[in-house]
Amino acid sequence: MASDRIDPGFRALPLEAMADAALGRARELGAQHADVRVEQIVSQEIELRDGTVTGVSDSTTLGLAVRVIVDGVWGFASHVELTPARAAATAERAVQVARTLAPVAKERVERADEPVHAGAVWVSKYRIDPFTVPTREKVELLTEWSQRLLAADGIDHVRAGVAQVRENKFYADLTGTSTIQQRVRIAPTFDATSVDRASGGFESMRTIAPPTGRGWEYLTGEGWDWDAELATVPELLAEKIKAPSVVAGAYDLVIDPTNLWLTIHESVGHATEYDRAIGYEAAYAGTSFATPDKLGTLRYGSEVMHVTGDRTVPHGLATVGFDDDGVATSEWDLVRAGVLVGYQLDRTFATRLGLERSNGCAYADSPHHVPIQRMANVSLRPDPVQDTSTDELIAGVERGIYVVGDRSWSIDMQRYNFQFTGQRFYSIENGKLAGQLRDVAYQATTTDFWGSMDAVGGPSTWVLHGAMNCGKAQPGQIAPVSHGCPSARFRGVNVLNTQEEAQ
Amino acid sequence: MRAQEVVERTLAAATHLHGCVVLVRESSEAVLRWANSTMTTNGHTTSGRVTVIAMVAGEGGTAAGVVSSSASITDVAQLDALVRAAEAAARDAGPARDATALVEPSTSDSGWDEPAVETSIGVFGTFADGLAEVLAGPQRQYGFASHDITTTWLGTSSGLRRRWVQPTGSVELNAKTPDLGSSAWTGASTTDFADIDVVALAAEAGRRLEWGRRKIELPAGRYETLLPPAAVADLMIDLMWSMTGRPAQEGRSAFAGKVGERLTDLPLTLVSDPAAKGLETEPFLTTSASEDGVSVFDNGVPTRAVEWVREGVVNELTYSRAEAAEFGTSFTPGGDNVLLTGGSTATGQEMVASTGRGLLLTCLWYIRVVDPATLLVTGLTRDGVYLVEGGEVVAEVDHNFRFNYSLLDVLRRAGEVGATERTLPREWKDWFTRAAMPHVRVPEFNMSSVSLGR
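Residues numbered from 1 in each chain as written. Chains lettered and ligands numbered in written order. Predicted model: local features only at pLDDT ≥ 70, side-chain atom pairs only at ≥ 80, totals over all residues. Heavy atoms only, no water.

Caption draft 1: Molecular detail of the packing of aromatic side chains. Counted by the stated rule, this structure contains 31 aromatic pairs over all chains. Ring centres 5.4 Å apart and planes at 75 degrees place the aromatic pair A:Tyr274 and A:Tyr343 in the edge-to-face group. Pair noted here: A:Tyr274 is in helix 8 (residues 274-277) and A:Tyr343 is in the loop between strand 11 (339-340) and helix 9 (347-352), with a separation of 69 residues, a long-range link. For A:Tyr274, a relative accessible area of 5% puts it in the buried group. Residue classification places A:Tyr343 among the buried residues on the basis of a relative accessible area of 1%. When the ring of A:Phe418 is compared with that of A:Phe420, the centres are 5.1 Å apart and the planes differ by 55 degrees; the resulting orientation is tilted. When sorted by exposure, A:Phe418 lands in the same class as A:Phe420, which is buried. Among the aromatic residues, ring-to-ring pairing joins A:Phe418, A:Phe420, A:Tyr442, A:Phe449, A:Trp450 and A:Phe490 into one connected group. Against the face of A:Tyr126 rests A:Arg5, its NZ or CZ located 4.5 Å from the ring centre. Positioned above the aromatic ring of B:Trp365, the side-chain terminus of B:Arg426 is 5.8 Å from the ring centre. (Phe/Tyr/Trp six-rings, centres within 6.5 Å; stacked < 30°, edge-to-face > 60°. Helix = DSSP H or I, 4+ residues; strand = E, 2+ residues; numbered from the N terminus. Buried < 20%, exposed > 50% of the residue type's maximum accessible area, 1.4 Å probe, protein only. Lys NZ or Arg CZ within 6 Å of the ring centre and 35° of its normal.)

This is the structure:
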């Protein structure tokens, strides 16, 4: 039973009683819509430097939020006290906020309908809740990782750590929808640094493992081969240090999923957020070149570009059963055959775009924040016909670079001009890898870049990567999100030499 | 439960430990947000957090564990549970390299017994009136105003009791022409909004939109560039954040061997000063995590003015007390405000007037370190790049630029530095608002490529 897996401490809260109290009060006060969200977010971070713990910190965030629509105007209020009486009082405050704002609110909220989901329970796909594993065991594992790296030739300093989160959400609204959910995510990291005292230089290399919606089993080998990576990073770093500096110019790139996920996140994920596209984030996160008037016509990339949004992929960081609007999640197309065909939406924006149903992107990072439209897992589909390998993509390049792992990233406010570096760059000569290169950054305009993609790898090259802390909105909210993609090949991309750029 | 009672009861539950630190923070925040000339999300929220740091003596040394909770404290049993959890975390962590004796009390705050200071939506009283006038104007308006007051109580098992009230306020105004062809930005930081004239801020943005009546396209390349205070602030904050002692001592930082090195012949001083007028920050250190340069064992240690760069020379890097002892130097806390001084008395307008041909920027965005060894950063210009010719703004550049430039070179290559003024760092504003910076003229700023984003 999924409900048996929900944290007993969360289940023991008077969830239904708080919901009844808040929703009843909101209805009495004239709200047309009301929803209650109770959240418990438990997190732990463990950090080690050179094999010694620098910090173990546990934190809990608890609270309830009530959101109402009164005469077409939103009201929101939250509180830390979890009692039915406080829930009712919070509903009163939310209604008061809506009535106060009514005179200055130019727009009246209209929302897409959603079927009622009564008594739904959803738990993410993990095996071992990290909060059931003794901290000492976690520290021992990370210490052992650190020592393995420190014992290798040429490694002077090592950082290792793990962040873990268990998020519980209870949602209920006036239509009768009531959901209780639990999801777990984990982000192990390590990086190794080599210092050359003689030259005054230093270089580092980080794990290319993704953060993921899995439990502690991830650190013991389920979903990633840590032993293999820990064994190879020292020699890869040594090779990188000795590698020649890249000659700036146009190159064909084969980009590994461990790097391409971030380019997708920045240049497609954020650009297809509907709230950005209509100006809601203009003063902060920015807008989008992919505006709604171009829906169905904008040539985003080449024919082989097929990008989906979803909140359903197993182990996805944005994956959840129901969003913070009470909408059952799904998968849909954002870019099909290279053309912009969809956006990420909540119930309000679905109506604006003329759709009958939201695709479930409402999310708040805390009980004290208003749900906003946040990023779904935005992923590039692999080749549907043949299982092209990364080696085969490389074989089709005469002079190019194979890019592995993400590092530095930056993109403009309309998601047009970007620049990325990576963990490792390999020279490609006549279809074969020919050793590492240093000082590489690739820079492009979004539509040129995706337009230059002439091949995508097959399903066997596909990796689900992602980020724990994507930022948006004012006041700022963070969100976890995954991006799946195959290896892919891009023709004639501008490559910079970062040493020359610093001159 | 009152914050002071939370501190005392938690410490009472922790007397069996080697040491204990309790941090109670209570915050209230009022926000206004607008887009497309209409209010979008406004609100007033309150939140609190109790952090317990347990110090446990064991074989091989003292260990620390940190536990925090935002739950409202209604029962002393919750505090006992936090102490037990922090103690367990410390035992599992093992001996800490930064273990040091907790600081003894030397001063007391007369306000210890006072309740939290709260802000309310009322802080925007006259500001809201001005904003209504701005939103009714001809331009499309986007922006955000926030006011936060956080009261912190710090108590330690060594007898220290300190309280600090930190107000943080800022406003950002982004104005666009109705056709969205031009975009301008102004921003300001404040403690209480009494000094914010939103109509004047909007007028300044409007003046910049006027500059956009004439548009010009320019290729990528190296340009003489006037960096305004908001842009300089973002770059200097990034620079300051990289000035950490341990990585430099260990050879894994651009500052390895750099203390004492002269960056510029201009007498520029980059300083974080807790007592800087109008930009005041905590007079004692509080932290819930140890990392390079900062230690949980240092909670309560008095902060001080730190001159990162002194009259053009790299001067200080951050060290916790334990690191200072390890490396034979002095305790150097990080800063929550930053000022760059030592320039001339020239205003931005005067520096424009003395420019033959160059670019005047508004602010920078999406700044990220590309190479930690050279402190090369990349980023974008945002909301207005203007061409100056013969001492006057003659056009708006019809696009933005991506730049690549070393943070150190901003000081090393600064040709002219003007008068220091209070500003708002746009990129880092969510974490850092208290800055005073001059205009800086850089002779060959590297505009690496054209960005079509507006």
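Caption draft 2: Structural context of the environment of B:Arg262. Residues and elements named next belong to chain B. For Arg262, the position within the fold is in the loop between helix 6 (245-249) and strand 10 (269-272). A relative accessible area of 45% places Arg262 in the partly exposed class. Remark: the alpha-carbon pair of Arg262 and Arg310, spanning 48 residues in sequence, is separated by 9.2 Å. Discounting chain neighbours no more than four positions away, the residues touching Arg262 are Glu311, Gly312 and Val313. Only 2.9 Å separates the side chain of Arg262 from the backbone oxygen of Thr264, close enough to count as a polar contact. (Contact = heavy atoms within 4.5 Å. Polar contact = N/O pair within 3.5 Å; in protein donor to acceptor, adjacent residues only side chain to side chain.)

Caption draft 3: Spotlight on the nonpolar core. By size, the foremost hydrophobic cluster in this structure holds 63 residues, and its most contacted members are A:Leu260, A:Tyr300, A:Leu380, A:Ile401, A:Tyr442, A:Phe449 and A:Trp450. It is helix 7 (residues 257-269) of chain A that contributes the most residues to this core, 5 residues altogether. (Core = buried A, V, L, I, M, F, W, Y, C linked by side-chain atoms within 4.5 Å.)

Caption draft 4: How the structure looks around the domain arrangement of chain B. All names here are of chain B. Assigned domains of chain B: these are domain 1 (3-208) and domain 2 (214-454). Computed from C-alpha coordinates alone, the two centres of domain 1 and domain 2 are separated by 24 Å. Contacts between domain 1 and domain 2 engage 47 residues on the former and 40 residues on the latter. It is Trp164, Trp185 and Arg208 in domain 1 that bury the most area against domain 2; as a group they hold 19% of the surface buried on that side. Linking domain 1 with domain 2 are 4 salt bridges. Our enumeration of links across domain 1 and domain 2 arrives at 14 residue pairs in polar contact (both at pLDDT 80 or more). Listing elements by their share of the side of domain 1 that touches domain 2, those giving two or more residues are strand 1 (19-35), strand 3 (43-58), strand 4 (61-69), strand 5 (140-156), strand 6 (161-176), strand 7 (183-190) and helix 4 (198-211). The element that contributes the greatest number of residues to the side of domain 1 that touches domain 2 is strand 6, accounting for 11 residues. Tallied by class, residues from the side of domain 1 that touches domain 2 come to 21 nonpolar, 16 polar and 10 charged. (Domains from an automatic or database assignment. Buried area = accessible area lost by both parts, 1.4 Å probe. Salt bridge = Lys/Arg side-chain N within 4 Å of Asp/Glu carboxyl O. Nonpolar A, V, L, I, M, F, W, Y, C, P; charged D, E, K, R; others polar.)

Caption draft 5: Main features of the confidence of the model for chain B. Of the residues in chain B, 100% have a pLDDT of 70 or more, and the chain-wide mean is 96. The complex model carries a pTM of 0.97, and its ipTM stands at 0.95. (pLDDT = per-residue confidence, 0-100.)

Caption draft 6: Broad picture of the sheet that holds strand 19 (residues 421-423) of chain B. Residues and elements named next belong to chain B. The 6 strands are arranged 12-11-10-13-20-19 in an open sheet whose pairing can be described as mixed. The open sheet is flanked by strand 12 (313-314) and strand 19, the only strands paired with a single partner. Looking at chain direction, strand 19 and strand 20 (residues 435-437) are connected through 3 bridges and run antiparallel. Each residue of the ladder has a partner; that of Glu421, found in strand 20, is Met437. On top of the sheet, helix 5 (residues 229-241) reaches strand 10, strand 11 (306-310), strand 13 (338-341), strand 19 and strand 20; it is set at about 115 degrees to strand 20, its chief contact. (Pairing = 2+ DSSP bridges. Axes fitted to C-alpha atoms, helices over the stretch in contact; angles between N-to-C directions.)

Caption draft 7: Layout of the sheet that holds strand 10 (residues 331-336) of chain A. All names here are of chain A. Ordered by their spatial adjacency, 4 strands build an open sheet running 11-10-9-14, and the pairing between neighbours is antiparallel. The outermost strands of the open sheet, each flanked by one partner alone, are strand 11 and strand 14 (377-380). Along the sheet, helix 7 makes contact with strand 9 (307-310), strand 10 and strand 14, crossing strand 14 at roughly 115 degrees.

Caption draft 8: The pattern of salt bridges, seen in detail. Residues and elements named next belong to chain A. For the structure on display, the rule yields 64 salt bridges over all chains. Between Glu92 and Arg25 there is a salt bridge, with its nearest N and O atoms 2.6 Å apart. Remark: Arg25 occurs in helix 3 (residues 15-28) and Glu92 occurs in helix 4 (residues 84-101); sequence separation between them is 67 residues. Relative accessible area serves as the criterion here: at 24%, Arg25 is assigned to the partly exposed category.

Caption draft 9: Just the pairing of strand 1 (residues 33-49) of chain A, in detail. Residues and elements named next belong to chain A. Across the 17 residues that make up strand 1, a large majority, 14, are buried. In this sheet, strand 2 (residues 52-70) lies alongside strand 1 in antiparallel orientation, the contact comprising 17 bridges. Bridge pairing links Ser43 to Ser59 in strand 2. From the end of strand 1 to the start of strand 2, which pair antiparallel, there are 2 residues, and Asp50 there has a positive phi angle of about 50 degrees. With 15 bridges joining them, strand 1 and strand 5 (residues 157-173) adopt antiparallel strand pairing. Its bridge partner being in strand 5, Val38 is matched across the sheet by Phe170.

Caption draft 10: Broad picture of the side chain of B:Ser451. Locating B:Ser451 in the fold gives a position in strand 21 (residues 440-451). Assessed through its relative accessible area of 0%, B:Ser451 is described here as buried. A distance of 2.6 Å separates polar atoms of two side chains, one belonging to B:Ser451 and the other to A:Asp412. Ignoring any residue separated from it by four or fewer positions in sequence, one finds B:Ser451 in contact with A:Asp412, A:Asn417, B:Leu380, B:His399, B:Asn400 and B:Phe401.

Caption draft 11: View of the interface of chain A and chain B. Listed as interface residues are 65 residues of chain A and, on the opposing side, 75 residues of chain B. Surface buried jointly by chain A and chain B totals about 5,800 Å² across both partners, of which 47% is contributed by carbon and sulfur atoms. Area buried by chain A at its contact with chain B is led by A:Phe202, A:Met413 and A:Gln474, which between them contribute 12% of it. Where chain A touches chain B, the interface holds 4 salt bridges. B:Asp292 is paired through a salt bridge with A:Arg49; the nearest N and O atoms lie 2.9 Å apart. At the boundary of chain A and chain B, one finds 40 residue pairs in polar contact (both at pLDDT 80 or more). Ranked by residues supplied to the side of chain A that touches chain B, first place goes to strand 2 of chain A with 10 residues. In the side of chain A that touches chain B, the residues fall into 24 nonpolar, 24 polar and 17 charged. Of the pairings in the sheet, the one linking strand 2 of chain A to strand 4 of chain B comprises 4 bridges and is parallel in character. Among the inter-strand pairings, A:Thr60 is bridged to a residue of strand 4 of chain B, identified as B:Ser69.

Caption draft 12: Looking closely at the packing of helix 1 (residues 3-12) of chain B against helix 2 (residues 76-93) of chain B. Residue and element names in this part refer to chain B. Interhelical geometry of helix 1 versus helix 2 gives an angle of 55 degrees and a closest axis separation of 9 Å. Relative to helix 2, the element helix 1 is oriented oblique. Relative to helix 2, the crossing made by helix 1 is right-handed. Contacts between helix 1 and helix 2 pair Val6, Arg9 and Thr10 from the former with Val76, Leu79 and Val83 from the latter. Each residue belonging to the contact of helix 1 with helix 2 can be placed in one class, and the counts come to 4 nonpolar, 1 polar and 1 charged. (Parallel < 35°, antiparallel > 145°, perpendicular 65-115°, else oblique. Left-handed = near helix turned anticlockwise from the far one by under 90°.)

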